[in-house]
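Each chain, letter by letter, is given below.
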Amino acid sequence: MQQKDKSLPPFVKSWRQLYWLLVGNLGLMIALFYLFSEYFK
């Protein structure tokens, strides 16, 4: 049985889940900024 890491935020259960959340957030922001810049070209 694994102990819960106290340094993690309460909405994630593991470091792997936190990393995927950050990568997904970064990808979404890149896509949104790209669409925003294309719209105002």
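Residues numbered from 1 in each chain as written. Predicted model: local features only at pLDDT ≥ 70, side-chain atom pairs only at ≥ 80, totals over all residues. Heavy atoms only, no water.

(A) Quick peek at the overall build of the chain. When helices and strands are counted, the chain shows 1 helix and 0 strands. For the chain, the proportion of its 41 residues judged to be buried stands at 7%. As displayed, the chain has an accessible area near 4400 Å², and 69% of this comes from carbon and sulfur atoms. (Helix = DSSP H or I, 4+ residues; strand = E, 2+ residues; numbered from the N terminus. Buried < 20%, exposed > 50% of the residue type's maximum accessible area, 1.4 Å probe, protein only. Areas by Shrake-Rupley, 256 points an atom, 1.4 Å probe, with all protein chains shown as cover.)

(B) Spatial organisation of a nonpolar patch on the surface. Taken together, the side chains of Leu28, Leu32, Tyr34 and Leu35 define a hydrophobic patch exposed on the protein surface, amounting to about 440 Å² of accessible area. Position of leucine 32 relative to the elements: it lies in helix α1 (residues 15–39). (Patch = residues over 30% accessible without salt bridge, like charges linked within 9 Å, V, L, I, M, F, W, Y side chains within 5 Å. Salt bridge = Lys/Arg side-chain N within 4 Å of Asp/Glu carboxyl O.)

(C) Main features of the packing of aromatic side chains. Here the structure, examined in full by the defined rule, presents 3 aromatic pairs. Ring geometry for tyrosine 39 versus phenylalanine 40: centroids 4.9 Å apart, planes at 90°, classification edge-to-face. Connected via pairs of aromatic rings, a cluster forms that spans Phe36, Tyr39 and Phe40. (Phe/Tyr/Trp six-rings, centres within 6.5 Å; stacked < 30°, edge-to-face > 60°.)

(D) Highlighting the pattern of salt bridges. Per the stated rule, a full pass over the model turns up 1 salt bridge. Close ionic contact of lysine 41 with glutamate 38 constitutes a salt bridge, the shortest N to O distance being 3.2 Å. Classification of lysine 41 as exposed rests on a relative accessible area of 77%.

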